[in-house]
Every structure is written in C-alpha cells, then in structure tokens.
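# Observations on chain architecture
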Amino acid sequence: GITIRGVVALAAVSHLVDAADAGLSDYHDAIQNLLWRCGAFASETELKAACPSALFDSLPLLGGIPGEREVAPPLRVLLVHGTLDSDVPAEHSVQFAARAWHRAHVHPVWLQIVAGADHYDVAGLGVDDGDARWKSIAMGLAAFVAENDEHLSSVCSQTLADASALLQHQVEGGCCGVRTLAAMRTREQRLI
C-alpha cells in the first residue's frame, strides 16, 4: 500500500467547525460551499468528520500504547500561512500547530508564518520567483521534502510563543517584508 509521509497545508482551513462559525469568505459561506461541492451537507456532523484537526487527532500516537493503539510511522506536517491572510486568518494554522505541539508523542508539525503574505501569495499566485515571500516559502517546502529538520527549524515556529511573536510583530509593525523567525531570535539574543 501507499504510506503518506507528509502533508503540506498552504493557508489551510484547519478546523472546519470554527471556520463555518466564523463565516469565512466574502459571502460567509466558504465551508458550506466546499462541502456542498463535495456532495455533502455542511451539518456539524459532516464538518467534524472532514475536519483536518479531528483527522490529525485521530492518528495513532508515535510509539503507540502497548495493547491499545498501533505504532504509526511519523506523518510530517508543514503549515504555511501568511500574516495578511484575510480569507483564512493565520490563527487557524497557529491553533492547529499549538494543539499538536501540546500532545504527547505527536507527529512532527512545523509552522511557517510568512510576514506580509496574503492567502494567494502563500499559494504562489500572483507572485514572481524573485519575491522574497515566495523564496521563503519555497525554501521551507524544499527543506520539508528533503526532511531537513535543521533548516525547517530555522524558518518555522515550533512553539506557540514563537508563532504568537511573529503574528504580534506583524500587527505592531505592519507589512514590513519578510520577517523570519531566525532574524527575530537573533534580535532577541542581542537584547539579552
């Protein structure tokens, strides 16, 4: 059979019930339309069944619990989200990652927050190859595919504090180009 080794989520809706409640999209019906196009009615039951957060939570734990759950190979997850995403706020990816980081024996999750990027920038739509935001995203994707955890750690948040700091910086500083986690850590170390 096929073993899925990793999932990349670009500006993803990671919790369908919350997204439906928030009324994402210009017409406040993006989640209902998504499920309708897939042939399902968007009741809370269907939303929970298709929810990426619920599916992730249902994965067997790494290492397993003897006699209870099978040992699972790690499923690597990379979440990429822009700070200026008004279609799906970056907080969706932050909340997904934070829940994963707080679980014991969880599958590895990286969160790349891209300053100054909106929903379509993260997907590479309307940006050219020289755009610093897209270069940052492409570097993260390449590191993820190569399973280069050292490089991923330099461009991704791995704690709620790191992710929150990047989002807070964007709110305080406005759109100021790519602000990497590594640059913020270097700045913090100089301040200590």
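Structure shown above.
Let me begin by describing the structure that accompanies this report. (Residues numbered from 1 in each chain as written. Predicted model: local features only at pLDDT ≥ 70, side-chain atom pairs only at ≥ 80, totals over all residues. Heavy atoms only, no water.)

## Regarding a nonpolar patch on the surface
Taken together, I2, I4 and V7 make up a surface patch of nonpolar side chains, about 330 Å² in accessible area. For I2, the position within the fold is in the segment before β1 (6-10). (Patch = residues over 30% accessible without salt bridge, like charges linked within 9 Å, V, L, I, M, F, W, Y side chains within 5 Å. Areas by Shrake-Rupley, 256 points an atom, 1.4 Å probe, with all protein chains shown as cover. Salt bridge = Lys/Arg side-chain N within 4 Å of Asp/Glu carboxyl O. Helix = DSSP H or I, 4+ residues; strand = E, 2+ residues; numbered from the N terminus.)

## Thoughts on the pattern of salt bridges
When the charged atoms of two side chains with opposite charge come close together, those side chains can pair. In total, this model carries five salt bridges according to the counting rule given. Salt-bridge contacts for D57 lead to R99; the nearest nitrogen and oxygen are separated by 2.1 Å. Here the residue D57 occupies a position in helix α4 (residues 52-57), and R99 occupies one in helix α5 (residues 91-101), the gap between them amounting to 42 residues. Under the relative-accessibility criterion, R99 is labelled partly exposed at 38%. Note that R133 is salt-bridged to D121, the shortest N-O span being 2.8 Å. Of this pair, R133 sits in helix α7 (residues 132-145) while D121 sits in helix α6 (residues 119-122), and the two are 12 residues apart along the sequence. The class of D121 is buried, set by a relative accessible area of 10%. (Buried < 20%, exposed > 50% of the residue type's maximum accessible area, 1.4 Å probe, protein only.)

## Thoughts on the nonpolar core
Counting 19 residues, the largest nonpolar core has F56, V77, L79, V109, L111 and I113 as its most contacted members. At the level of secondary structure, the elements contributing two or more residues to this core comprise β2 (76-82), α5, β3 (109-114) and α9 (160-173). Top element by residues in this core is α5. It accounts for five residues. Judged by nonpolar contacts, the second largest core, of 13 residues, contains A11, A143, F144 and L152. (Core = buried A, V, L, I, M, F, W, Y, C linked by side-chain atoms within 4.5 Å.)

## A few points about α5
At 3.6 residues per turn, the α-helix brings residues three or four places apart onto the same side. Of all 11 residues in α5, eight are buried, a share of seventy percent or more. Looking at α5, one finds that the buried residues are H92, S93, V94, F96, A97, A98, A100 and W101.

## Considerations on the packing of aromatic side chains
All chains considered together, the criterion is met by two aromatic pairs. Centre to centre, the rings of W110 and F144 are 6.3 Å apart; their planes meet at 75°, and the pair counts as edge-to-face. On the criterion of sequence distance, the pair formed by W110 in strand β3 and F144 in helix α7 is long-range, its members being 34 residues apart. Overall, W110 belongs to the buried group, its relative accessible area being 4%. (Phe/Tyr/Trp six-rings, centres within 6.5 Å; stacked < 30°, edge-to-face > 60°.)

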